[in-house]
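So the chains spell out like this:
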Amino acid sequence: MDENTDAAPPAADPAAVQTPVVETHGDDQALTELHPNYKSALRVEATLASIPFLIGAFVLEVQAILPPAVIMAPVALLALAFIIRLPSRRFYARGYAMSTDRLRVVRGLLFRHDTVVPFGRVQHIDVNQGPIDRFFGIATLTLHTAGSHNASVNLSGLGEQLARDMREEIRSHIKREAL
Amino acid sequence: MTDEVGKDIQASASGVPRTAAAAKANATKADAAKADATDEPRRTAPIGLVVSAIGALRQTIVPLVIGGFAFREELGALGGLAFLLLAIIAVNMGVAYLRWLRLTYTTGAEDIRVESGIVSRAARSVPYERIQDVSLEQKLLPRLFGLVEVKFETGAGGADDLKLAYLTESEGEALRHLIRERRDEEAAKTTDLAGEAEIEESGEVLFSMDSRRLFTFGLFEFSLAVFAVLGGLLQYVDTIVGIELWDPDLWQGWIESQSGWLSSFGFVAQIAGVVAGVIALLIVGSATGLVRTFLRDWEFVLEKTARGFRRRRGMFTRTDVVMPVHRVQALVLGTGWLRYRFGWHGLKFVSLAQDAGAQNHDVAPFAQLEEINPIVRAAGFEPPSESLDWHHASRKYRFDSAAIEGGFFALAAIPVAIFAPLPFALIPLGLAIFFAAANLYAWQFHRHALSANQVFGRKGLLSPTTRIASRVKLHSVEIVQGPIAQRRGYATLALGLAGGAFAIPGLPLARARELRAAILDSIAARDFSELAR
């Protein structure tokens, strides 16, 4: 979201990041920005995704079916936009707000999803890290609910320690079922 | 060292029966009064063997008959076939017997355990507390032998549920009773359900359908599915008999040979033929609907018992399903375009359990609203009424959806106008106007409301469907906006409902946020664990 662009970026040092708890909940509440490394992680993913297309374009270019650069130039331009511009826009479109009893997750550029999960409905919680996430020291927090729609709500791009803290925090809100 | 190991094994080997015996002694002490609560492994009913053997035979009978038909000239081959038949029966019986021998179930102090498998053994233990309910199902064959299939619903979803195929009816009932008693001992010692358990079998009848109602229902269940089945059968015959049914030459030849005969009747007779054909279709379609309805919903009874809702139905396959009231997550009140004109509606319960493969439980498939309303109230819901604060979708959404639906056909008119004679382009244009108008008109029938405890969503012009969800039983709330919706300022509110979908499209953004805030406050006020009981 644009209103977040001018907000001060959170410190990159994971030790300094605290679990931000917003006291109020509502739609005008400020969203917390994700870990700055997440933008780089998105960029790496975009790069990996565009490599096959670049190779394909290069092969066609070598075949010399069309005049030079007719294929390679637009593909390379698209790939550049995809790698440089898009991850940044996706990053600023995402955010979350954790209040005392619920977690709000906002994501999506084209299709905007604004999901709120009350802690009282969380069945179990995952913290996942892919290889790229591990390199950048970030993690994905996944909340599982019993609902058919939104059976699992993913919040990517949290600092690793923050994700674990949030998991503990949310877990402490889940009442144990009487055994 | 080897001696020591040997001793260990011996000790543990002798230890197992000792602890088992001790557990048994404990259990018998605790449940001295209950005859059913033995800890000994028990087998399913032996007559079940006959049922499974016949069942297995039924699968082989069709290929065998076809084989017999194909080899009807050659006696030797026929003899071989008879031998093959006997061999198949023998192997089936043998396998079924071994399987029966190796399948035991134990009703322990805390769980029910089922051990099965001929070569590889599987042992499954389900704690009583996790068993949501026990349902009994009787298909035609087991019913003739007085057997039932007992299903333990754990909420894990259809396929993963524990099943015991073929106990005697009395054993099944006893098991169901035992498990309910045990579960109550485990879970809710505070609530005194023991007295209620006694009266449970004689519940209050909420809804039932007599044969007259079934007949009316069957007429509305008009279906031409029988033709699809016939088509499939013809294809089957096609491959066996060797007549090329789909070969155009065959039919062309046949029509040519008959055409002189047909045309001799003249125009009026041809029209009469068409009318007769349509009437035949109607009769076949209605008959199919009637047969299906009678088979499925014969002696349909819905009762409210202390345990929850109990529904029994079916002619040959009799099912007996019990659903605790607290497991009803939402209601779906639907109808068909024609039956709606006569005031008929159908009520379904949304829950995590599945009903014969369907997502929702039919509780009143064909009823008038005044019959449905008491059921809705019995489930702890309030039926929708006009006095609610009904809201419509955004007007921008109305315009956009009409423009999109109409625009699709308007675009289709362009290639038609280019490649076909001009009058043909009027067809998609007409459709475009029709769909745009229908969308604009239907808008006023799409509405939603929020009451103190519930969310209502209604859609559909010719056959309206109303969804009713309990606010506290929702699990998440999401506002979704596509690219058009973002620019036009409306959104879809998607509710996380267990076992079903519930979304309200085209809300003005402010209204969507207002609904979300209200629903979330209801959800957050009560924890999930407080919902269950």
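Structural data are supplied above this passage.
Since we're looking at a predicted model, the values are computed, not measured. (Residues numbered from 1 in each chain as written. Chains lettered and ligands numbered in written order. Predicted model: local features only at pLDDT ≥ 70, side-chain atom pairs only at ≥ 80, totals over all residues. Heavy atoms only, no water.)

Draft legend 1. Highlighting the pattern of salt bridges. All names here are of chain B. In total, this model carries 24 salt bridges over all chains according to the counting rule given. Note that Lys151 and Glu137 form a salt bridge whose closest N and O atoms lie 3.7 Å from each other. Taken together, the residues span a long stretch of sequence, with Lys151 in strand E5 (residues 147-153) and Glu137 in strand E4 (residues 133-138) at a distance of 14 residues. In this structure Glu137 comes out as buried when scored by relative accessible area, which is 19%. One network of salt bridges, with partners in common, ties together Glu221, Arg296, Asp297, Arg313 and Arg339. (Salt bridge = Lys/Arg side-chain N within 4 Å of Asp/Glu carboxyl O. Helix = DSSP H or I, 4+ residues; strand = E, 2+ residues; numbered from the N terminus. Buried < 20%, exposed > 50% of the residue type's maximum accessible area, 1.4 Å probe, protein only.)

Draft legend 2. Region of interest: the packing of helix H2 (residues 48-70) of chain B against helix H3 (residues 75-102) of chain B. All names here are of chain B. Running from amino to carboxyl end, H2 crosses H3 at an angle of 160°, the nearest separation of the two axes being 10 Å. In this view, H2 runs roughly antiparallel relative to H3, as classed from their interaxial angle. Every pair of crossing elements has a handedness; the one defined by H2 and H3 is right-handed. Packed against H2, whose contacting residues are Leu49, Ser52, Ala53, Ala56, Leu57, Thr60, Leu64, Gly67 and Gly68, the element H3 presents Leu78, Leu81, Leu85, Ile88, Ile89, Asn92, Met93, Ala96, Tyr97 and Trp100 at the interface. Classifying every residue of the contact of H2 with H3 by side-chain character gives 14 nonpolar, 5 polar and no charged. (Axes fitted to C-alpha atoms, helices over the stretch in contact; angles between N-to-C directions. Parallel < 35°, antiparallel > 145°, perpendicular 65-115°, else oblique. Left-handed = near helix turned anticlockwise from the far one by under 90°. Contact = heavy atoms within 4.5 Å. Nonpolar A, V, L, I, M, F, W, Y, C, P; charged D, E, K, R; others polar.)

Draft legend 3. Up close: a nonpolar patch on the surface. Residues and elements named next belong to chain B. A surface patch of nonpolar side chains, amounting to about 910 Å² of accessible area, comprises Phe222, Leu224, Phe227, Val229, Leu230, Leu233, Val274, Val278, Leu281, Leu282 and Val284. With 5 residues, the single largest contributor to the nonpolar patch is helix H10 (residues 266-297). Counting through the fold element by element, Phe222 comes out in the loop between helix H7 (211-220) and helix H8 (225-241). Under the relative-accessibility criterion, Phe222 is labelled partly exposed at 37%. (Patch = residues over 30% accessible without salt bridge, like charges linked within 9 Å, V, L, I, M, F, W, Y side chains within 5 Å. Areas by Shrake-Rupley, 256 points an atom, 1.4 Å probe, with all protein chains shown as cover.)

Draft legend 4. Looking closely at the packing of helix H12 (residues 395-419) of chain B against helix H13 (residues 426-442) of chain B. Residue and element names in this part refer to chain B. In contact at an axis separation of 8 Å, H12 and H13 are set at 175° when each is read in the N-to-C sense. It follows from the interaxial angle that H12 and H13 lie roughly antiparallel. Between H12 and H13, the residues in contact are Arg398, Ser401, Ala402, Glu405, Gly406, Phe409, Ala410, Ala412, Ala413 and Val416 and Pro428, Leu429, Leu431, Ala432, Phe435, Ala436, Asn439 and Leu440, respectively. Of the residues assigned to the contact of H12 with H13, the class counts are 13 nonpolar, 3 polar and 2 charged.

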